[in-house]
Amino acid sequence: GVALSSTKFIIAFEDASNSSYAKTIICDVSGTTITIGTAYTYNTSNSSKYGIVDKLSSTAVVIAFSETPQSERGRALIGIYSGTSISYGSQTTYDTASVVSHSIVAMSETEVVVSYIDKGFLNYGRSIVLTTNIGAATVSVGATTDFNIACMNSICSCF
């Protein structure tokens, strides 16, 4: 999860109590009390793992996840929020292979870096820049950069 303000935070999760839908939820904090908002679905049943989220602006977040039935391909989307409600833009694929161990960092309102392990490509450690357009609620994909070449089948070259 990530802080949206001094009194709100958002989390992305797989809702095991509801057919494992991919959801986000915005919560309010007052002192030591947390008030849970409504969970909003961004992907279908048994469809995603490893959901991560970061704040883009005072009204938008970016979410990245592995889409389970599609070989765990890497997907991203923008969420537009107000209060504790959220709506989502279109989803974009940033890697077609099996993507795990995500991290996400919003560099600005228009640029996000996602780093991950690409299980579909020899367990390489990769980072990719995503360009975000909050007004259109879209994500565009930049070039992938390998930051660690992993070992596979007794062949190893690392830098």
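Residues numbered from 1 in each chain as written. Predicted model: local features only at pLDDT ≥ 70, side-chain atom pairs only at ≥ 80, totals over all residues. Heavy atoms only, no water.

Student: Any details on the nonpolar core? Residues and values, ideally.
Tutor: Leu 56, Tyr 94, Ile 104, Val 112, Val 114 and Leu 130 are the most contacted members of the largest nonpolar core, which has 18 residues in total. Elements supplying a minimum of two residues to this core: strand 6 (60–67), strand 7 (73–82), strand 10 (99–106), strand 11 (111–118) and strand 12 (124–133). Residues within four places of Tyr 94 in sequence aside, it is in contact with Ala 64, Phe 65, Gly 74, Arg 75, Ala 76, Val 99, His 102, Val 114, Tyr 116, Ile 128, Leu 130 and Val 141. Among the nonpolar cores identified, the runner-up in size contains 14 residues, and Ala 12, Ala 22, Phe 65 and Ile 86 belong to it. (Core = buried A, V, L, I, M, F, W, Y, C linked by side-chain atoms within 4.5 Å. Buried < 20%, exposed > 50% of the residue type's maximum accessible area, 1.4 Å probe, protein only. Helix = DSSP H or I, 4+ residues; strand = E, 2+ residues; numbered from the N terminus. Contact = heavy atoms within 4.5 Å.)

Student: Tell me about the side chain of Glu 72, and name the residues and values.
Tutor: You can see Glu 72 is positioned in the loop between strand 6 and strand 7. Judged by relative accessible area, which is 12%, Glu 72 ranks as buried.

Student: Any details on the pairing of strand 2 (residues 8–15)? Residues and values, ideally.
Tutor: Two faces, one strand: in a regular strand the side chains alternate between the faces of the sheet. Looking at chain direction, strand 1 (residues 2–3) and strand 2 are connected through 2 bridges and run antiparallel. Among the inter-strand pairings, Ala 3 is bridged to a residue of strand 2, identified as Phe 9. Between strand 1 and strand 2, which follow one another and run antiparallel, lie 4 residues. Two strands pair when backbone bridges link them, and strand 2 and strand 3 (residues 21–30) are joined in this way by 8 bridges, in the antiparallel orientation. Across the sheet, Ala 12 pairs through a bridge with Thr 24, a residue of strand 3. Between the antiparallel neighbours strand 2 and strand 3 lie 5 residues, among them Ser 19 with a positive phi of about 55°. (Pairing = 2+ DSSP bridges.)

Student: Describe unusual backbone geometry, listing the residues and the values that go with them.
Tutor: For Ser 19, which is not glycine, the phi torsion reads 55° and is therefore positive. Overall, Ser 19 belongs to the partly exposed group, its relative accessible area being 42%. A positive phi angle is found at Glu 72, which is not glycine, with a value near 55°.

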